[in-house]
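Analysis of the macromolecular model
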Amino acid sequence: MTHHPHGQTKERLAAAAELNEPEWIGADRAQEPETVTISRAEYDQLLADQAKLRALEAMGVDNWSGYSDAMEQLAA
């Protein structure tokens, strides 16, 4: 399995952000869904990627011999 330090960096940053978050922000999140701001181009790409993934899954990509390897790489 390949080691991906970038994923660990994101996890560390998220953990640090939670530790340094004022109490009132955490309480506010319980009431409102978390949102992010991205560009229209990135949003459109995410929608296209989602449609592509759904089409691949519908055609049985999960039966592909490399599918489990790809999922392990994503999880790393």
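Before any of the text, the structure's been laid out above.
Residues numbered from 1 in each chain as written. Predicted model: local features only at pLDDT ≥ 70, side-chain atom pairs only at ≥ 80, totals over all residues. Heavy atoms only, no water.

1. A short note on the overall build of the protein
A tally of helices and strands in the protein yields four helices and zero strands. In the protein, the succession of α and β elements from N to C terminus is α-α-α-α. Within the protein, buried positions represent 1% of all 76 residues. For the protein, the accessible surface area stands at approximately 7100 Å², while carbon and sulfur atoms represent 56% of it. (Helix = DSSP H or I, 4+ residues; strand = E, 2+ residues; numbered from the N terminus. Buried < 20%, exposed > 50% of the residue type's maximum accessible area, 1.4 Å probe, protein only. Areas by Shrake-Rupley, 256 points an atom, 1.4 Å probe, with all protein chains shown as cover.)

2. Re helix α3 (residues 40-58)
The end-to-end C-alpha distance of α3, which contains 19 residues, comes to 27 Å, matching closely the 27 Å that a straight helix rising 1.5 Å per residue would cover. Of the residues one or two after α3, glycine 60 is the one with positive phi, at around 90°. (Expected span 1.5 Å × (residues − 1).)

3. Focus on the layout of surface pockets
Considered as a void within the structure, the largest pocket measures approximately 220 Å³ in volume. Contributing to the lining of the largest pocket are Leu53, Leu56, Glu57, Val61, Trp64, Tyr67, Ala70, Met71 and Leu74. The set of elements that each furnish at least two residues to the lining of the largest pocket consists of α3 and α4 (67-75). Sort the elements by how many residues they give to the lining of the largest pocket and α4 lands first, with four residues. A class-by-class count of the residues in the lining of the largest pocket yields eight nonpolar, no polar and one charged. (1 Å grid on protein atoms, 1.4 Å probe; cavity = no way out; pocket = protein on both sides within 12 Å on 5 of 7 lines; lining within 4 Å. Points joined across faces, edges and corners; volume = space filled by probe spheres on them. Nonpolar A, V, L, I, M, F, W, Y, C, P; charged D, E, K, R; others polar.)

No statement about biological role is implied by the geometric values presented.
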